[in-house]
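Chain residues, written in single-letter form:
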Amino acid sequence: MVITILRIYMVFVIILMIIYAVRHFVFAYNRLFGKQRLYYNDIYSTRMPSISVLIPMHNEEQVLDFVLQSLLKCEYDRDRLEIIPINDNSTDRTKEMLDEYHEKYEFIRPLHRNCPDRGKPAGLNDAMKIAKGDIIIVFDADYRPARDMLKQLAVAFQDPEVGAVMGRVIPYNTNKNLLTRLINLERCGGYQVDQQARYNLKSIPQYGGTVGGFRKDLMLEMGGFNPLVLAEDTELTYRFYTKGWKVIYANSAECYEEAPETWAVRGRQIRRWARGHNQVLFRYLGKVILTPNMNWREKVDGILLLLVYAVPFFLALGQLDSFILFFLGEMDIFAGWWVLLFIGVYCSFGNFAPFYEIGTGLMLDGVKGETMLLPLIMFNFYFYMWNISLGFLDAIADIITKRKVSWAKTKRFAKADNKEKEGAN
Amino acid sequence: MENKEKKVIYYSRTYRHLKINTAGSILYFCLLVLPVLILFIFNMNHITHFMSKCAVNVLGKLYPGIPLYIRKDNFSILGKMEFVELPTVYPSTAFCVINFIIVLLLVFFCCTGSRKGRPVSIYMTIMLVVHIINCIYFIFAANYFPYNAFQYSNLYIKQQIGIWLTFIVMMGLVTAIQGSKALVWKILSFFSVLAYSFLFGFARYILFLYIIQEFSIIYMALMFFAFGPFFDFLYLVGIYGFFMDKVIKFYESAKGKGAWRWS
């Protein structure tokens, strides 16, 4: 009986891997050879909506200059623009620095929060209440938006079906070390291929919580962000889709972010994402299946996207399963045709399909040389499997214990560089 | 007067894509990949025979006294395969305990200091834990270990055939679809994967048989999980990365840029 269950689980893992491998190949093929669905770039002449740019900050003295200076250079009618940096219980010089900006620029209106419910969702909720714009655009504090970014994102809301828009994220500290180079590869596959293909296929482009925007009234009507959910971005995506709104992807709206520069920081970031994403999985899986507001294509992609941060946990169990089967002498599951099937699937899951996706992304971006790093991403598979599994277990513990989640900020590295440069000079 | 004209006009990468060369891809697959695949399936017996013979020759020289035989088995409906039968060497309890202690120290090494949480450390820790379980198995229940050298050798060949078959199809498909204009690099990459795969598969088989003969079957699980298909993917992805680098350079060159389309 036990062995049967173990074998059935192995078959389940194999099927799961096949499904995700096919998904990756479809996305890569569509992006490389399919007709591309264009964004709304050509309707700039229309009256642009009023926007409020929200920037959640917690001890961001190292990087806040970069994002604010970049935003000040952005082309957008100043009468229709306001910037609200959300100083969320900072203990460094963030407050003073933001107040200095406010003195110089009236449309930069910092919101200082000194309350126990710290966190991005709670901060965004408070800021939305004072925001004057119809559209909310969100950037993280370590981002550096390009000059036309605000126009690019805001223009999407001329389409009455659009509830939210997401731009493309590109790391700017790519050449810092091996980790940042590898993250750059993953980002390239994830945005240039994955997000654009989902936009092409009219499935579910995902709102990523930064370099994106949404309709303020809509979000307020829906009760604002849920402070108990860590992945407020994923939750927004599913909340909008299940209510019949669309999220669209603006591949041309490129924004630069700071990628984590140490494995420890990256591990914590991934674990937090996995925890938040799986919280959304538990809340929205049923709703996605039952809602009449999503078509079958959106439902299929929506379910697969919801499960993205659960699959590595299933694979980890699969690996454990294979160890147990091995020591029980039940490796005949791999005999004959099973060998073919197992190896075939293992190849594709062994992330060949994601490699194909990343390779395609690098080709489309014209990035030379970096493909030679692809084999190193193989080891990341175990790194992600470990950290995502921990995040998955965190999410389950959240449900069982009903504990309150606490927001953890990703460590910044920018200032350290500057200091080093200053020292060198 | 200063010339302010742009010297380079960058192509927009946002929505560019390529036109699929369906006929070319099908032709490539049918004329190159399919014949190689058929050739492999019909020669599976000869290939594994040659592989086993090489292993017998090497092991025969290293261990002149031991009985080594080449056995036949069915590989599903695809035909026969051959593998080496060799005597099983079981580890002594002392050897298992020494292994256990060393591996425990290695796990501690991987999980501490700056190595903690790094991808290679996580990978090594998982694999070393498998070896720890293996050591415990041999210390307390060696008689119940479900495999011997004969079964391991058989399993290795089956797994290797699976890898070869999959790699032919996968690399064939990938090179057929991607980079239709870089034909030379496509063919070169396809055969590079196959050549490396065969050489690596041969060498690893002989090495694994040598290890279980020299140091006992205690290393079977470690070799199977840690140095099995995972290492095949490493070179597959490595050669794919090399191929893509050439393709990218081609499509960014003056000759290749014309292939890009914008809807």
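Residues numbered from 1 in each chain as written. Chains lettered and ligands numbered in written order. Predicted model: local features only at pLDDT ≥ 70, side-chain atom pairs only at ≥ 80, totals over all residues.

Chemist: Before we move on, could you go through the UniProt feature "transmembrane region" (unreviewed entry) in chain B and cite the residues and values that matter?
Modeler: Residue and element names in this part refer to chain B. Under the present numbering, the feature "transmembrane region" (unreviewed entry) in UniProt falls on residues 20-42, 89-110, 122-141, 161-180, 187-211 and 217-243. Between the end C-alpha atoms of residues 20-42 there is a gap of 32 Å, over a span that is 91% helix and 0% strand. Counted over residues 122-141, helix gives 100% and strand 0%. Its end C-alpha atoms are 28 Å apart. (UniProt positions renumbered as here; feature names shortened; annotations may be inferred. Helix = DSSP H or I, 4+ residues; strand = E, 2+ residues; numbered from the N terminus.)

Chemist: Which residues make up the interface of chain B and chain A, and what are the values?
Modeler: Each side of the interface is counted separately: chain B has 46 residues, and chain A has 50 residues. Counting only elements with at least two residues in the side of chain B that touches chain A, the list comes to strand E1 (17-18), helix H4 (119-141), helix H5 (149-177) and helix H8 (229-252) of chain B. Per element, the largest residue contribution to the side of chain B that touches chain A is 15 residues, and it comes from H8(B). Residues of the side of chain B that touches chain A, tallied by class, amount to 29 nonpolar, 10 polar and 7 charged. (Contact = placed C-beta atoms within 7 Å. Nonpolar A, V, L, I, M, F, W, Y, C, P; charged D, E, K, R; others polar.)

Chemist: I'd like a rundown of the confidence of the model for chain B, residues and numbers included.
Modeler: All names here are of chain B. Per-residue confidence for chain B gives a mean pLDDT of 87; residues scoring 70 or more make up 95%. Within the model, pLDDT remains below 50 along residues 1-6, and this stretch shows 0 contacts once partners closer than five positions in the same chain are excluded. Both scores are given for the predicted complex: the pTM is 0.87, the ipTM 0.85. (pLDDT = per-residue confidence, 0-100.)

Chemist: Tell me about the domain arrangement of chain B, and please be specific about residues and values.
Modeler: Residue and element names in this part refer to chain B. In terms of domains, chain B is made up of domain 1 (21-88 + 148-261) and domain 2 (91-145). Contact residues are listed per partner, giving 6 residues for domain 1 and 10 residues for domain 2. Among the residues forming the side of domain 1 that touches domain 2, the class breakdown is 5 nonpolar, 1 polar and no charged. (Domains from an automatic or database assignment.)

Chemist: Hey, could you go over the environment of Glu60(A) for me, with residue numbers and the actual values?
Modeler: Residue and element names in this part refer to chain A. The topology assignment puts Glu-60 in the loop between strand E1 (51-57) and helix H2 (64-72). Its 28 C-beta neighbours within 10 Å are what place Glu-60 among the buried residues. For the pair Glu-60 and Leu-305, spaced 245 residues apart in sequence, the C-alpha separation works out to 31 Å. If we ignore the near neighbours within four places in the chain, the residues touching Glu-60 are Thr-94 and Ala-141. (Buried ≥ 20, exposed ≤ 12 C-beta atoms within 10 Å, placed from the backbone.)

Chemist: Explain the domain arrangement of chain A to me, using residue names and the numbers behind them.
Modeler: Residues and elements named next belong to chain A. Here the domain parsing of chain A yields domain 1 (2-32 + 307-401) and domain 2 (37-269). Taking the mean C-alpha position of each, domain 1 and domain 2 sit 31 Å from one another. Listed as interface residues are 19 residues of domain 1 and, on the opposing side, 14 residues of domain 2. No other element matches the 8 residues that helix H12 (residues 337-365) contributes to the side of domain 1 that touches domain 2.

Chemist: Kindly report on the UniProt feature "domain: Glycosyltransferase 2-like" (unreviewed entry) in chain A, identifying the contributing residues and their values.
Modeler: UniProt annotation of "domain: Glycosyltransferase 2-like" (unreviewed entry) refers to residues 52-216 of chain A when read in the numbering used here. Annotated as residues 52-216 of chain A, this span is 37% helix and 22% strand, and its ends, taken at the C-alpha atoms, are 9 Å apart.

Chemist: Which residues make up the sheet that holds E1(A), and what values go with them?
Modeler: Residues and elements named next belong to chain A. Taken in spatial order, the 8 strands make up an open sheet running E3-E2-E1-E4-E7-E6-E8-E5, and their pairing is mixed. The open sheet has two edge strands with one neighbour each: strand E3 (111-113) and strand E5 (144-145). Two strands pair when backbone bridges link them, and E5 and strand E8 (residues 246-257) are joined in this way by 2 bridges, in the antiparallel orientation. Bridge pairing in E8 links Arg-144 to Tyr-256. Against the sheet, helix H6 (residues 178-200) contacts strand E6 (162-171) and E8, and its axis sits at roughly 150° relative to E6. (Pairing = 2+ DSSP bridges. Axes fitted to C-alpha atoms, helices over the stretch in contact; angles between N-to-C directions.)

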